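Coordinate inspection notes
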Amino acid sequence: MRRLTLSLTLLLFATTATHAEEIGSVDTVFKFIGPDHKIVVEAFDDPGVAGVTCFLSRAKTGGLKGAFGLAEDKSEASIACRQVGLISIPKPIQAQEEIFSERTSLVFKRLRIVRMVDPKRHTLVYLTYSDRVIEGSPQNSVTAVPVDRATAIPVR
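None of these values were measured; they are calculated from a predicted model.

Reading guide: rules and limits
- Residues numbered from 1 in each chain as written.
- Predicted model: local features only at pLDDT ≥ 70, side-chain atom pairs only at ≥ 80, totals over all residues.
- Heavy atoms only, no water.
- Buried < 20%, exposed > 50% of the residue type's maximum accessible area, 1.4 Å probe, protein only.
- Helix = DSSP H or I, 4+ residues; strand = E, 2+ residues; numbered from the N terminus.
- Pairing = 2+ DSSP bridges.
- Axes fitted to C-alpha atoms, helices over the stretch in contact; angles between N-to-C directions.
- Phe/Tyr/Trp six-rings, centres within 6.5 Å; stacked < 30°, edge-to-face > 60°.
- Salt bridge = Lys/Arg side-chain N within 4 Å of Asp/Glu carboxyl O.

1. Looking at the pairing of strand β6 (residues 109-118)
With nine of 10 residues buried, β6 is to be regarded as a mostly interior element. Where strand β5 (residues 96-103) meets β6, seven bridges bridge the pair, whose relative direction is antiparallel. When the sheet's bridge partners are listed, Glu-97 is paired in β6 with Arg-115.

2. A look at the sheet that holds strand β3 (residues 50-60)
Spatially, β1-β2-β3-β4 is the arrangement adopted by the four strands of the open sheet, whose pairing is antiparallel. Two strands lie at the open edges of the sheet, namely β1 (21-29) and β4 (77-88), each paired on one side alone. The mean angle between the axes of side-by-side strands here comes to 15°, regardless of whether they run parallel or antiparallel. Sheet topology note: the β3/β4 ladder contains eight bridges and is antiparallel. Bridge pairing links Thr-53 to Arg-82 in β4.

3. Side note on the packing of aromatic side chains
In this description, a pair of aromatic rings is defined by centroid distance and the angle of the planes. Counted according to the given criterion, the structure contains one aromatic pair. Arranged with centres 4.8 Å apart and planes meeting at 20°, the rings of Phe-44 and Phe-100 form a pair that is stacked. With Phe-44 in strand β2 (residues 37-45) and Phe-100 in strand β5, the pair connects residues that are 56 residues apart, well separated along the chain.

4. As for the pattern of salt bridges
On inspection of all chains with the given rule, the structure shows seven salt bridges. Arg-58 is the salt-bridge partner of Glu-42, the closest N and O atoms lying 2.9 Å from each other. With Glu-42 in strand β2 and Arg-58 in strand β3, this residue pair connects regions lying 16 residues apart in the sequence. Judged by its relative accessible area of 5%, Glu-42 is buried. Given a relative accessible area of 3%, Arg-58 falls into the buried group.

So far we have only geometry, and geometry alone does not tell us how the molecule works.
Now the structure itself:
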C-alpha cells in the first residue's frame, strides 16, 4: 500500500522542465465558494527552439474542487505559437517531440503539446491535445511557425 501511495504521489508531482507563465485570465462562471471557473492564457518558450513562444488558452475549473486541485479541467484548449525573436536551434531536435505536459485532473488527465518538424515546408508544427489514461479526447488545436530557409532545422 505504501508503494502505491508513493507511486501516485510521484505521478502527481511529475512535470516537465517547461513551465507556462500565466499572461491573464477571464472569469466565465461565478462560484460562491472557491475560485471562479475561468479561461487562462499562458505562455511558454519552446525549450528546443530559441525565438519561438507558444500561447495556450484553456479552461480551469474553480469551486472547492478547483481550489484543492481535485477538479478535472475541460479538454478544450487553443494554441498559437509565434516567432518572438531570432529563431535558432542550437542542437538537433526530434522530428516529433512532446515539449509540454501538465495535469488537468488529480491523476489521470494531462494537457500535452507536441512539436513536429515539417521538413518539406521548413516549418515547425505545434499540436495541443488532452489525454486520459483510459480514454483521450479528439479535441485539439494546431499552429505552425515557418522557419527562414537560411536557418537549419537539425533533426535527430
